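Structural characterization, general
The residues making up each chain are set out below.
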There are 2 protein chains.
Amino acid sequence: MQNYLSHLECPKCHLTFEPDAQHHLCECAAPLLVRYDYEAIKADFKKEDLVNREPSLWRYRELLPIRDEKNIVTLGEGMTPLLPLPLAGKKIGLSNLYLKDEGVIPTGTFKARGAAVGVSRAKELGVEVLAMPTNGNAGGAWATYAARAGIKSYIVMPKDAPMITRNEVAIAGAELYLVDGLISDAGKIVGRAVAKHGWYDASTLKEPYRIEGKKTMGLELAEQFGWDVPDVILYPTGGGVGLIGIYKALRELQEIGWIGEKMPRLVAVQATGCAPIVKAWEEKKAASEFWENASTVAFGITVPKALGDFLVLEAIYKTNGCAIAVNDDEILVAQRDLATLEGAFICPEGAANYVAARQLREQGWIGADEKVVLLNTGTGLKYPDTVQVDPPLLQPEDDLE
Amino acid sequence: MQNYLSHLECPKCHLTFEPDAQHHLCECAAPLLVRYDYEAIKADFKKEDLVNREPSLWRYRELLPIRDEKNIVTLGEGMTPLLPLPLAGKKIGLSNLYLKDEGVIPTGTFKARGAAVGVSRAKELGVEVLAMPTNGNAGGAWATYAARAGIKSYIVMPKDAPMITRNEVAIAGAELYLVDGLISDAGKIVGRAVAKHGWYDASTLKEPYRIEGKKTMGLELAEQFGWDVPDVILYPTGGGVGLIGIYKALRELQEIGWIGEKMPRLVAVQATGCAPIVKAWEEKKAASEFWENASTVAFGITVPKALGDFLVLEAIYKTNGCAIAVNDDEILVAQRDLATLEGAFICPEGAANYVAARQLREQGWIGADEKVVLLNTGTGLKYPDTVQVDPPLLQPEDDLE
């Protein structure tokens, strides 16, 4: 397997690092990004090469950081469905609305992508123990992939995280802890533990490879649209790694000449109960501030201060995108609308995009015929509490009506 | 879109039926099977045609019953991962053990396949209302696909069915009823309702198209193994439609010349608390008897008497397969082993296969180097109650250890 990994680079101070040692943050405390030998990739890697490859994210292996394929830890993740939403689109005045459905992936959320690539690379770098804070789904994914890799994992999540993610972490054999607080509290506990025990810190953006997994959403969208990118991509933004990743993917595709100048306008969608990126964008700032008393039904995006906030904001600014906050009541209505109209039972985070798309259409920010993608980050199956149900109980001799 | 649908045929009395009207059971009360013009398919359809097709079950459209592609109702289902299980295999003395993972599919279970094809064909036949009994997952899938098709659905499930399937049915806008009994009781209620209201009866095997969706598991396995079929396929058997479907698929692939004479030995795996097929197989009978007081943690296979039992048994006999029952305690241990060793958090029904594979290896029925596939029918995410978890609760100032 030819590999094109070149170096790690700090996007803030531009220090570079040799990639085959374990690295976390830059000396300036910013996350590191992975760089490849794009000239060589451009020369060697052709769209036609994809034809006979498996429908997983590993089809883009030239743009991924694993040096030896024996280190690939996979559960078959990637190439998730891109679904047209004709009725849901019509309802909000959009004639080309799509759902990229990350519910159809191992562990049921897009976190599998970051975990697959992150854990593979951790294995390649000799990691034996990792630790991370999580709002639930990332923990489920990393515990699962770590189990497959034979890596021990410590996972800390808020006690309010989705219940099923506890099961997911526990059955994988990870060490699970709850915290009476938010993911930021869990992060501090993990920070102290990795410092004390020398474990690999797999916190969001504290290792450079999770982004590489997430960026494959951007690669797939480009391929699924026939290398003609859509006009707008809406993304539910907590840590924002997916948005950073999609932006990075599209820039890399430009670099190797697979797509043209056009970029989709990237939209960061947050909940009104936790909207630090939206506030920063409205104030035209380069970074966000800690959001006090964060709370939303879209639990996965309850991130009061994201380490990569400046990269999220850069992606928005550079693509003429925007940031928008929506409220919990509308999120739950949107979740039901998408299930009833389109058969898409998605997570509240994903449903938030639909509310945002409607508002941006009403404001004229999105045109009626533009190609618009809602990036759904996970299956609704992991969020039973968002659906109220009280069905009648029949005895065997009863009739339906 | 060229279509090769020929007729419907009763596998018991061999009556044939014109396929473009709504049909349910044969006059002799047996389920009907779909037949195609295999000579024409053999002439027109080549393995190379698959190369540029989407990784969904619709890639095999020549072997599917939809006449007009505008009737296809899809959420991107199919081409699920085939995963090697090296560590779990080693533990039970099998060097070529695989998992076909139907957890990575819309709605999280293999029921999506039957629903996608069944609902598509129902739409094509003008159905406006359907009704069905279910152990949960089929109801979730059919309610979901019916919603996408604009078909109204009535779903009746035992009150003990997995909780999340209630949410799934309800959010899709279906009419949901619980019954204080088993799926057989739900079936009687549905039977009375369809007779009274003239609704389309979507009960297992009471319409001929669900099998066609399920059979795509067999088509995919053949393609994923490079058209060289594995030696043994283990399948958790309730209604048994998947097993019937896989057998039908492989026979059809032989018919069109895509695979040779060799067939995998098909194994029906049941729980000791509900094992009517196993009992019938041990007694060398052609059909099963109603299993009294059926109960198992693998709820999806709690089917006391399957309408297609004779087809399941035929598939086993004709392939020199077998039927085997495993107990609930071992199923739960197997579920944990697969998650911990391989990162595969699967449903208890799927985990039952692993217990069965171990026992068949111990008996020498499976050879150490044979290629063995465990067909996992769904994600463990839908079964939180099968995992016990009691993690420590930390305060933000606490340390991990």
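Residues numbered from 1 in each chain as written. Chains lettered and ligands numbered in written order. Predicted model: local features only at pLDDT ≥ 70, side-chain atom pairs only at ≥ 80, totals over all residues. Heavy atoms only, no water.

1. Considerations on the packing of aromatic side chains
Residue and element names in this part refer to chain A. Heads up, the condition is: Any two rings among Phe, Tyr and Trp, with Trp reduced to its six-membered ring, count as a pair given centres within 6.5 Å; such a pair is stacked if its planes are under 30 degrees apart, edge-to-face if over 60, and tilted if neither. For a lysine, the NZ atom is tested; for an arginine, the CZ atom; a charge sits over a ring if that atom is within 6 Å of the ring centre and within 35 degrees of the ring normal.
Under the definition given, this model contains 12 aromatic pairs over all chains. Ring pairing ties together the aromatic residues Phe 45, Trp 227 and Trp 258, which thus form one cluster. Between Arg 59 and the ring centre of Tyr 60, over which it is positioned, the NZ or CZ distance is 5.9 Å.

2. What to know about the pattern of salt bridges
When their charged atoms lie close together, side chains carrying opposite charge are able to pair. The line we're drawing: Should a side-chain nitrogen of Lys or Arg be within 4 Å of a carboxyl oxygen of Asp or Glu, the pair is scored as a salt bridge. Strands are runs of DSSP state E lasting at least two residues, helices are runs of H or I lasting at least four, and both sets are numbered from the N terminus onward. Only protein chains enter the area calculation, which uses a 1.4 Å probe; residues under 20% of their type maximum are buried, those over 50% are exposed, and those in between are partly exposed.
A complete count under the given rule lists 62 salt bridges over all chains for this structure. Here Glu 342 of chain B makes a salt bridge to Arg 148 of chain A, at a shortest N to O gap of 3.1 Å. Here Glu 342 of chain B, found in helix α12 (residues 328-342), pairs with Arg 148 of chain A, found in helix α4 (residues 137-149), and the two come from separate chains. By the burial criterion, Glu 342 of chain B is buried, and Arg 148 of chain A matches it. Where Glu 283 of chain A meets Lys 279 of chain A, a salt bridge forms, and the shortest distance between an N and an O atom there is 3.4 Å. Salt bridges sharing partners connect three or more residues here, namely Asp 20, Arg 67, Arg 121 and Glu 124 of chain A.

3. A word on the relation of the copies chain B and chain A
For clarity, the threshold we go by: The copies were overlaid by least squares, fitting only the C-alpha atoms of residues that reach a pLDDT of 70 or more in each copy. In what follows, residue pairs with any heavy atoms lying within 4.5 Å of each other are defined as contacts.
Superposition record for chain B on chain A: RMSD 0.0 Å, screw rotation 180°, translation along axis 0.0 Å. Here the symmetry operator amounts to a two-fold rotation axis. The rotation axis passes nearest to the C-alpha of Val 104 of chain B in chain B, at a distance of 2.7 Å. Looking at the interface residues of chain B, 100% of them are also at the interface in chain A, so both copies use one shared face.

4. Remarks on the UniProt feature "domain: Tryptophan synthase beta chain-like PALP" (unreviewed entry) in chain A
The condition is simple: UniProt positions are given in the numbering used here, feature names are shortened, and annotations may be inferred rather than shown by experiment.
According to UniProt, the feature "domain: Tryptophan synthase beta chain-like PALP" (unreviewed entry) maps to residues 73-378 of chain A in the numbering used here. Helix makes up 43% of residues 73-378 of chain A and strand makes up 16%, while its end C-alpha atoms are separated by 21 Å.

5. Details of the packing of helix α9 (residues 241-255) of chain B against helix α11 (residues 309-318) of chain B
All names here are of chain B. Definition in use: Helix axes use the C-alpha atoms of the stretch in contact, all axes being lines fitted to C-alpha atoms, and the angles between their N-to-C directions lie in the range 0 to 180 degrees. Small angles under 35 degrees read as roughly parallel and large ones over 145 as roughly antiparallel, with 65 to 115 read as roughly perpendicular and the rest as oblique. Take the far helix as your reference; a near helix turned counterclockwise from it by less than a right angle gives a left-handed crossing, and one turned clockwise gives a right-handed crossing. Polar here means any residue other than Ala, Val, Leu, Ile, Met, Phe, Trp, Tyr, Cys and Pro, which are nonpolar, and Asp, Glu, Lys and Arg, which are charged; Gly is therefore polar.
Where α9 contacts α11, the two axes come as close as 9 Å, and the packing angle between them is 50°. By the criterion of interaxial angle, the relationship of α9 to α11 is oblique. Note that α9 runs across α11; the crossing there is left-handed. Touching Leu 243, Ile 244 and Tyr 247 of α9 are Leu 311, Val 312, Ala 315, Ile 316 and Lys 318, all from α11. Among the residues forming the contact of α9 with α11, the class breakdown is 7 nonpolar, no polar and 1 charged.

6. Digging into the sheet that holds strand β12 (residues 322-326) of chain B
Residues and elements named next belong to chain B. The condition is simple: Whether two strands pair depends on DSSP finding at least two bridges between them.
Strand order in the open sheet made by the 6 strands is β4-β5-β13-β10-β11-β12, with mixed pairing throughout. Only two strands of the sheet have a single neighbouring strand rather than two, namely β4 (82-84) and β12. The sheet shows a mean angle of 25° between the axes of neighbouring strands, taken without regard to direction. Sheet analysis places strand β10 (residues 232-236) next to strand β11 (residues 265-271), joined by 5 bridges and oriented parallel. Bridge assignment links Tyr 235 to a residue of β11, and that residue is Ala 268.

7. Focus: the pairing of strand β7 (residues 152-158) of chain A
One face of the sheet, then the other: side chains in a regular strand alternate in exactly this way. Residue and element names in this part refer to chain A. Filter applied, for reference: If the strands point away from the viewer and the path from the first strand over the helix to the second runs clockwise, then the crossover is right-handed.
Burial within β7 is extensive, with 6 of its 7 residues counted as buried. Alignment of strand β6 (residues 129-133) against β7, held across 5 bridges, turns out to be parallel. By the bridge assignment for β7, Ala 131 is matched with Tyr 154. This β-α-β element, β6 to α4 to β7, shows right-handed connectivity. Sheet analysis places β7 next to strand β8 (residues 175-179), joined by 5 bridges and oriented parallel. Bridging from a neighbouring strand, Met 157 pairs with Leu 178 of β8.

8. Focus: the sheet that holds strand β11 (residues 265-271) of chain A
All names here are of chain A. Pairing is mixed across the open sheet formed by 6 strands, whose spatial order is β4-β5-β13-β10-β11-β12. The strands lining the two open edges of the sheet, one partner per strand, are β4 (82-84) and β12 (322-326). This sheet shows a mean twist of 25° between the axes of neighbouring strands, independent of strand direction. Its contacts with the sheet put helix α8 (residues 216-224) on β4, β5 (97-101), β10 (232-236) and β13 (372-376), and the angle it makes with β5 is roughly 135°.

9. Some thoughts on the packing of helix α12 (residues 328-342) of chain A against helix α13 (residues 348-362) of chain A
All names here are of chain A. As a packed pair, α12 and α13 sit with axes 8 Å apart at the nearest point and diverge in direction by 95°. Our classification of the angle between α12 and α13 gives roughly perpendicular. Facing α12, whose interface residues are Glu 330, Ile 331, Ala 334, Gln 335, Asp 337, Leu 338 and Leu 341, α13 presents Pro 348, Ala 351, Ala 352, Tyr 354, Val 355, Arg 358 and Gln 359. For the contact of α12 with α13, a count of residues per class yields 9 nonpolar, 2 polar and 3 charged.

10. Let's talk about the interface of chain B and chain A
One frequently used descriptor of interface size is the decrease in accessible area upon assembly of the parts. For clarity, the cut-off: Accessible area, probed at 1.4 Å, shrinks when two parts are joined; the buried area is that loss added up over both.
Each partner contributes residues to the interface: chain B has 66 residues there, and chain A has 66 residues. Between chain B and chain A, the buried area comes to about 5800 Å², and carbon and sulfur atoms account for 64% of it. Looking only at chain B, the three residues that lose the most surface to chain A are Ile 171, Leu 381 and Leu 400 of chain B, adding up to 14% of its buried area. Our enumeration of links across chain B and chain A arrives at 4 salt bridges. Elements that contribute at least two residues to the side of chain B that touches chain A include exactly β4, α4 (137-149), β7 (152-158), α5 (163-171), β8 (175-179), α6 (183-197), α12 and β14 (393-394) of chain B. Of the residues that constitute the side of chain B that touches chain A, the class distribution is 38 nonpolar, 13 polar and 15 charged. Examined bridge by bridge, β8 of chain A and β14 of chain B share 2 bridges and lie parallel to one another. When the sheet's bridge partners are listed, Val 179 of chain A is paired in β14 of chain B with Leu 394 of chain B.

11. Considerations on the nonpolar core
What counts, and what does not: Nine residue types can take part in a nonpolar core, namely buried Ala, Val, Leu, Ile, Met, Phe, Trp, Tyr and Cys, and a core is a set of them joined through side-chain atoms within 4.5 Å.
Judged by nonpolar contacts, the single largest core of 258 residues is most densely connected at Leu 234 and Leu 253 of chain A together with Leu 234 and Leu 253 of chain B. Beyond its immediate stretch of four places on either side in the chain, Leu 234 of chain B contacts Val 267, Val 269, Asn 353, Ala 356, Ala 357, Leu 360, Val 372, Val 373, Leu 374 and Leu 375 of chain B.

12. Focus on helix α8 (residues 216-224) of chain B
Residues and elements named next belong to chain B. The element α8 is largely enclosed, with a buried count of 8 among its 9 residues. Inspection of α8 places Thr 216, Met 217, Gly 218, Leu 219, Glu 220, Leu 221, Ala 222 and Glu 223 among the buried residues, and these make up the whole buried set. Taken from the residues just after α8, Gly 226 is the one with a positive phi, measuring 65°.

13. Side note on the pairing of β12 of chain B
All names here are of chain B. Of all 5 residues in β12, 4 are buried, a share of seventy percent or more. Pairing of β11 with β12, which is carried by 5 bridges, proceeds in the parallel orientation. Along β12, the bridge assignment pairs Gln 270 with Ala 325.

14. Observations regarding the environment of Gly 103 of chain A
With respect to the helices and strands, Gly 103 of chain A occurs in the loop between β5 and α3 (111-124). C-alpha separation for the pair Gly 103 of chain A and Gly 380 of chain A, spaced 277 residues apart in sequence, amounts to 7.7 Å.

15. Topic: α5 of chain B
For α5 of chain B, a buried count of 8 out of 9 residues is recorded, marking the element as mostly surrounded by other parts of the structure. Listing the buried residues of α5 of chain B in full gives Ile 164, Thr 165, Arg 166, Asn 167, Glu 168, Val 169, Ala 170 and Ile 171 of chain B. The inward-facing, buried residues of α5 of chain B contact α12 of chain A together with α4, β7 and β8 of chain B. Gly 173 of chain B sits one or two residues past α5 of chain B and shows a positive phi near 90°.

16. Section: unusual backbone geometry
Phi at Asn 320 of chain A takes a positive value of approximately 55°, unusual for a residue other than glycine. If you trace the backbone, Asn 320 of chain A turns up in the loop between α11 (309-318) and β12. A positive phi is found at His 14 of chain B, a non-glycine position, where the angle reads about 65°. Looking at where His 14 of chain B falls in the secondary structure, it is placed in the loop between β1 (5-9) and β2 (16-17).

17. Regarding the side chain of Thr 296 of chain A
All names here are of chain A. For clarity, the cut-off: N or O atoms closer than or at 3.5 Å make up a polar contact, with two conditions inside protein: a donor-capable atom paired with an acceptor-capable one, and, for residues adjacent in sequence, both atoms drawn from side chains.
Mapped onto the elements of the fold, Thr 296 is located in the loop between α10 (276-282) and α11. A relative accessible area of 8% means that Thr 296 is categorised as buried. Within polar-contact distance, the side chain of Thr 296 engages the backbone nitrogen of Ala 298 at 2.9 Å. A polar side-chain atom of Thr 296 sits 2.8 Å from a polar atom in the side chain of Asp 328. When neighbours within four sequence positions are excluded, Thr 296 is seen to be in contact with Ala 271, Thr 302 and Asp 328.

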